[in-house]
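Observations on chain architecture
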There are 2 protein chains.
Amino acid sequence: MSRSNPRVLSTLERAGGFASAQEIYRLMQREGESIGLTTVYRSLQSLVNDKIVDVLRRDDGEAIYRLCGDAHHHHLVCKACGDTVEIEGGAIEKWAKVMAEEHGFRDVGHTAEIFGICSKC
Amino acid sequence: MSRSNPRVLSTLERAGGFASAQEIYRLMQREGESIGLTTVYRSLQSLVNDKIVDVLRRDDGEAIYRLCGDAHHHHLVCKACGDTVEIEGGAIEKWAKVMAEEHGFRDVGHTAEIFGICSKC
DNA sequence: GTGGGAATGAAAATCATTTTCATTTGTGAT
DNA sequence: ATCACAAATGAAAATGATTTTCATTCCCAC
Ligand SMILES: [Zn+2]
Ligand SMILES: [Zn+2]
Ligand SMILES: [Zn+2]
Ligand SMILES: [Zn+2]
């Protein structure tokens, strides 16, 4: 395993904490930073392993990465500008637990995201 | 747009209502059905458009399709055998609405899935 | 039977991601 | 400073899913 190149994380931050590997690579190029695409991918993987960033998928399947606090939480994402609010999901946690028990599931986890248009857009 | 080839849907059913395009294609081949991969993809797209199947993503980004009732609902999925239970999400619906309002979002939608190990596994 | 649009599928093109592998860089000991 | 060796880097090739192209086949209304 390799350690994350700090410039990748810093670029992800500058991107609003929300970008794909290809986007980060193009962004760094445009800003004159010399880096290889491979290193961008490797750094992102490492950041995901260390749970410093979160990975999810665009509709087209491309992986997007975002900076993320470490406590369990959910997201409210603007479909227009990408702005993301971390929200706490008390109701969901309970719902997931109840539903799982009701159907005899164990070792359960869950995902939940809300998306819409933010007030600025 | 093209109409879905009925054999694709029937194969998806036989697969337990849970498979990727490639898997459906390989399954049909193994069973001696003559079909092109392109047609499998086109049929699945069309089924998704018609909201007859649901699409989501494996961790590796491959799209998987599954048969799905048409009313809004959520899923409880077994990580081991893939068994899926459709569940209703009253608590989620309310949570999503409240959170969105609280942060000034409009036109909101949401996703929520629970995954774990079912009682049979 | 004929004409034209829809359906089909083989092959090529796309595109993100991973793998390979040779080169460079950093570090620590001598 | 020199050497040795491990980690980091990146160019290029490989992979694999999905989409596009395009020529052919099917089907149906007339
Ligand atoms: Zn916005
Ligand atoms: Zn939660
Ligand atoms: Zn199971
Ligand atoms: Zn819902």
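Residue numbers restart at each chain and count upward from 1, following the sequence in its written direction. The order in which chains are written sets their letters, starting at A; the order in which ligands are written sets their numbers, starting at 1. Where totals are concerned, whole chains, interfaces and linings use all residues; where local detail is concerned, this predicted model gives features only for residues with pLDDT of at least 70, and gives and counts side-chain atom pairs only at 80 or more. Only heavy atoms go into the side-chain values, all of them from the structure, while hydrogens and water stay out.

As a further point, take the confidence of the model for chain A. As a per-residue measure, pLDDT reflects the predictor's confidence and takes values from 0 up to 100. Overall, the predicted model of chain A reaches an average pLDDT of 90, with 98% of residues at or above 70. In this description a helix means any DSSP run of H or I spanning at least four residues, a strand means any run of E spanning at least two, and both kinds are numbered starting from the N terminus. Across chain A, the element-wise mean pLDDT spans from 85 in strand β5 (residues 84–87) of chain A up to 97 in helix α3 (residues 37–49) of chain A.

Moving on, we get to the nonpolar core. By convention a nonpolar core is built from buried Ala, Val, Leu, Ile, Met, Phe, Trp, Tyr and Cys residues, the set being connected through side-chain atoms within 4.5 Å. Only protein chains enter the accessibility calculation, which uses a 1.4 Å probe. A residue is then buried if its area is under 20% of the maximum for its type, exposed if over 50%, and partly exposed in between. One finds W95(A), I114(A), W95(B) and I114(B) to be the most contacted residues of the largest nonpolar core, which totals 24 residues. Those elements giving two or more residues to this core turn out to be β4 (74–78), α4 (90–102) and β6 (106–117) of chain A together with β4 (74–78), α4 (90–102) and β6 (106–117) of chain B. Any two residues whose heavy atoms approach within 4.5 Å are treated as being in contact. Beyond its immediate chain neighbours, meaning those up to four positions away, W95(A) contacts H74(B), I87(B), E88(B), G89(B), A91(B), I92(B), A112(B) and I114(B).

The figure often quoted for interface size is the accessible area lost as the parts come together. Each side of the interface is counted separately: chain A has 38 residues, and chain B has 38 residues. Accessible area that two parts lose when put together, with a 1.4 Å probe and added across both, is what the buried area reports. Buried area between chain A and chain B, summed over both chains or domains, comes out near 3,100 Å², and the portion from carbon and sulfur atoms is 66%. Together, W95(A), F105(A) and I114(A) form the three largest contributors to the area buried by chain A at its contact with chain B, with a combined 23%. Salt bridge, as used here, is a side-chain nitrogen of Lys or Arg placed within 4 Å of a carboxyl oxygen of Asp or Glu. In this assembly, chain A and chain B are joined by 0 salt bridges. Polar contact criterion, stated in full: a pair of N or O atoms within 3.5 Å, where within protein one must be able to donate a hydrogen and the other to accept it, and residues adjacent in sequence count only if both atoms are side-chain atoms. Remark: the boundary between chain A and chain B carries 13 residue pairs in polar contact (both at pLDDT 80 or more). For the side of chain A that touches chain B, the secondary structure elements donating two or more residues are β4, β5, α4 and β6 of chain A. In this classification, the charged set is Asp, Glu, Lys and Arg, the nonpolar set is Ala, Val, Leu, Ile, Met, Phe, Trp, Tyr, Cys and Pro, and all remaining amino acids, among them Gly, are polar. Here the residues of the side of chain A that touches chain B are counted per class, giving 19 nonpolar, 10 polar and 9 charged.

In this section: the sheet that holds strand β3 (residues 63–67) of chain B. All names here are of chain B. If you walk across this open sheet you meet the 3 strands as β1-β3-β2, and the pairing is antiparallel. Lying at the two open borders of the sheet, with one neighbouring strand each, are β1 (19–20) and β2 (53–57). Paired strands, in this sense, are two strands between which DSSP finds at least two bridges. As defined by bridge partners, β2 adjoins β3 across 5 bridges and the pair is classed as antiparallel. Looking at β3, one finds that D54 is bridged to R66.

All names here are of chain A. Structural elements are reduced to axes, namely lines fitted to C-alpha atoms, with helices fitted over the stretch in contact, and the angle between N-to-C directions of any two is expressed from 0 to 180 degrees. Following both chains from N to C, one finds helix α2 (residues 21–30) and α3 inclined at 130°, their axes separated by 9 Å at the closest point. Classed by the angle they form, the pair α2 and α3 counts as oblique. The interaxial crossing formed by α2 with α3 has right-handed handedness. In contact with A21, Q22, I24, Y25 and M28 of α2, α3 contributes L37, V40, Y41 and L44. In this scheme, roughly parallel covers angles under 35 degrees and roughly antiparallel covers those over 145, while 65 to 115 is roughly perpendicular and the rest are oblique. Here a crossing is called left-handed whenever its near helix is offset anticlockwise from the far helix by less than a right angle, and right-handed whenever the offset is clockwise.

With that out of the way, let us pick up the protein's contact with DNA strand C. One heavy atom suffices: a residue is near a molecule or strand as soon as one of its heavy atoms comes within 4 Å of it. The immediate surroundings of DNA strand C are formed by 17 residues, with Y41(A), A63(A), G36(B), T39(B) and R42(B) found nearest. N5(B) places a side-chain nitrogen or oxygen 3.3 Å from a phosphate oxygen of DNA strand C. Separating a base nitrogen of DNA strand C from a side-chain N or O atom of T38(B) is a distance of 3.3 Å. With 4 residues, α3(A) is the single largest residue contributor to the surface near DNA strand C.

All names here are of chain B. Look at α4: 19 Å from first C-alpha to last across 13 residues, which is about the 18 Å you get at 1.5 Å a residue. Among the residues of α4, those classed as buried are I92, W95, A96, M99 and A100. For α4, the buried positions fall inside an angular range of 125° around the axis, keeping them on one side. In α4, the exposed residues that point more than 90 degrees away from the buried face are K94, K97, E101 and E102. Take the residue count of a helix, subtract one, and multiply by 1.5 Å to get its expected span. Note that the arc is computed from the directions linking the helix axis to the C-beta atoms.

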